[in-house]
Amino acid sequence: MRGLFDPNGSLMGTLEKLSDIVLCNIMFCVCCLPVLTIGAALTALHTSMQAVVAGTDSEELGDNAEKTFLRTFKAEFVPSTKLWLVTVVMILLLFLYHEAVWSMQGAAGRLYRVTFFILLFLFLLGAQYFFPITARFELPLKGILKNSWLLSIAAIPWSLLALAIAVFAVYISFFLNPNGFRLAVFLWAVCGFGLVAYLTSFCYLKAFEKLGVRLGAEDDDSGEKAEGALFTDEKHRKEDLLVFESSVSTPDWNKRVDPEEERRQREYIRDSKGKKRR
């Protein structure tokens, strides 16, 4: 029985993670009340849940999930708000397309309804990475949008699993038992958003490993966000873009840029061009 209540035991560790999920979930709900701040709240929630999953939220490191949430909410407020506004515009465009398509009759209407569901699926597949990537990488708005969809394809099994977790959670909460709507709202307000973010963080961190980035690794002890390119190859060496090409034609397509190696390659290319001219 003593081992059961050991502060370093599995039970206490599970209870600590559960408390982090509940507290961050409540903080998320409060921060979402102004609506405009939903983007910053999503980034903060994903940052804190990624830290909980990776085990980098220890009190011994002078930090915890709640502190991580508040720090990220403040630091990422402006870029996350811009990203949230862009997301809202995309949702509005999808809604308008839905209304236009559902007003059509006949075979053309059925065909356009299929296109709507395809667009909705593609949107959800990429959009789920918007704020997890913002929580993990220093990228401009354009880079976040482009990287999100390319990463969703590059790590398609983890992308589908994360999307399935979120959709399944919404389904069992609000559609499986319509009479339990009030209970579902209560559960989501207490732990729903945090629990979904926690579970999907396993998928996102696995996807990030394709980028050569692992949260909690030795080279990531500073807690700073990773910078630079996500996917690169020999032809594309830009810090704010992700380039996705066939792994058959370019076997090293998913390697991160090493600055020293990049410098040597640039010098080699420049020297080679100089020799050809002579």
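Reading the values: the criteria
- Numbers given for residues are sequential positions, taken from 1 along each chain in its written order.
- For this predicted model, a pLDDT threshold of at least 70 governs which residues receive local features, and a threshold of 80 or more governs which side-chain atom pairs are given and counted, while totals over whole chains, interfaces and linings are taken from all residues.
- Computation of side-chain values covers all heavy atoms of the structure but excludes hydrogens and water.
- Every helix listed is a DSSP run of H or I at least four residues long, and every strand listed is a run of E at least two residues long, numbered separately from the N terminus.
- Throughout, exposure labels follow a simple rule: accessible area from a 1.4 Å probe, protein chains only, divided by the maximum for the residue type, with under 20% read as buried, over 50% as exposed, and the rest as partly exposed.
- We call two residues contacting when some pair of their heavy atoms lies within 4.5 Å.
- To measure how exposed things are, a 1.4 Å probe is used in the Shrake-Rupley method; for residues, cover is taken only from the protein chains shown.
- Helix span is expected to be 1.5 Å times the residue number reduced by one.
- Between the N-to-C directions of two axes lies an angle of 0 to 180 degrees, each axis being a line fitted to C-alpha atoms and, for a helix, fitted only over the stretch in contact.
- Angles are sorted into four bins: roughly parallel if under 35 degrees, roughly antiparallel if over 145, roughly perpendicular if 65 to 115, and oblique for all others.
- Note on convention: the crossing is left-handed when the near helix lies turned anticlockwise from the far helix by less than a right angle, right-handed when the turn is clockwise.
- Note on residue classes: Ala, Val, Leu, Ile, Met, Phe, Trp, Tyr, Cys and Pro are nonpolar, Asp, Glu, Lys and Arg are charged, and everything else, Gly too, is polar.
- Put simply, two rings from Phe, Tyr or Trp (the six-membered ring, in Trp's case) pair if the centres are within 6.5 Å, and we call them stacked under 30 degrees between planes, edge-to-face over 60, tilted for the rest.
- Over a ring means this: the NZ of a Lys or the CZ of an Arg is within 6 Å of the ring centre and within 35 degrees of the ring normal.

Chemist: Mind showing me how you'd approach the overall build of the protein here?
Modeler: In terms of regular secondary structure, the protein is built from 10 helices and two strands. Written out in order from the N terminus, the α and β elements of the protein read α-α-α-α-α-α-β-α-α-α-β-α. Looking at the protein as a whole, 38% of its 278 residues qualify as buried. Pairs at least 24 apart in sequence give 69% of the contacts found in the protein among residues at least 6 apart. Entry remark: accessible area of the protein is about 16600 Å², with carbon and sulfur atoms responsible for 65%.

Chemist: Just checking my understanding: could you explain unusual backbone geometry for this structure?
Modeler: One can expect most non-glycine residues to show negative phi and most peptide bonds to be in trans. Non-glycine residue Val35 carries a positive phi angle of around 70°. Mapping Val35 onto the fold places it in the loop between helix 1 (10-31) and helix 2 (38-54).

Chemist: Would you explain helix 2 in this entry?
Modeler: Because each turn of an α-helix spans 3.6 residues, side chains separated by three or four positions in sequence point in the same direction. For helix 2, which comprises 17 residues, the first-to-last C-alpha distance of 24 Å matches the rise-based estimate of 24 Å (1.5 Å per residue) to within 8%. Within helix 2, 16 of the 17 residues are buried, which leaves the element mostly enclosed by the surrounding structure. With its phi angle positive at about 75°, Gly55 sits one or two positions after the end of helix 2.

Chemist: How should I be thinking about the packing of helix 1 against helix 9 (residues 181-208) in this particular structure?
Modeler: Helices that pack against each other are described as a pair by the angle of their axes relative to one another and the distance between those axes. The N-to-C vectors of helix 1 and helix 9 enclose an angle of 110°; their axes lie 7 Å apart at closest approach. In terms of orientation, helix 1 lies roughly perpendicular with respect to helix 9. In this structure, the crossing between helix 1 and helix 9 has a hand that is right-handed. Seen from helix 1, the contacting residues are Lys17, Ile21, Val22, Asn25, Ile26, Phe28 and Cys29; seen from helix 9, they are Trp188, Ala189, Val190, Cys191, Gly192, Phe193, Gly194, Leu195 and Tyr198. For the contact of helix 1 with helix 9, the class distribution of residues is 12 nonpolar, three polar and one charged.

Chemist: Sorry, what's going on with the environment of Leu42 here?
Modeler: Along the polypeptide, Leu42 turns up in helix 2. We classify Leu42 as buried; its relative accessible area is 18%. Sequence-distant contacts of Leu42, that is, excluding residues within four places in its chain, are made with Phe28 and Phe131.

Chemist: Would you explain the packing of aromatic side chains in this entry?
Modeler: Aromatic ring pairs are reported here in terms of the distance separating the ring centres and the angle at which the planes meet. Under the definition given, this model contains 13 aromatic pairs. Plain terms: the ring middles of Trp102 and Phe117 are 5.8 Å apart, the flat faces sit at 75° to each other, and that makes the pair edge-to-face. In this pair, Trp102 is assigned in helix 4 (residues 77-102) and Phe117 in helix 5 (residues 106-127), connecting sequence segments 15 residues apart. What links up through ring pairs into an aromatic cluster is the set Phe28, Phe174, Phe181, Trp188 and Phe193. Over the ring of Trp102 we find Arg113, and its NZ or CZ is 5.4 Å from the ring centre.

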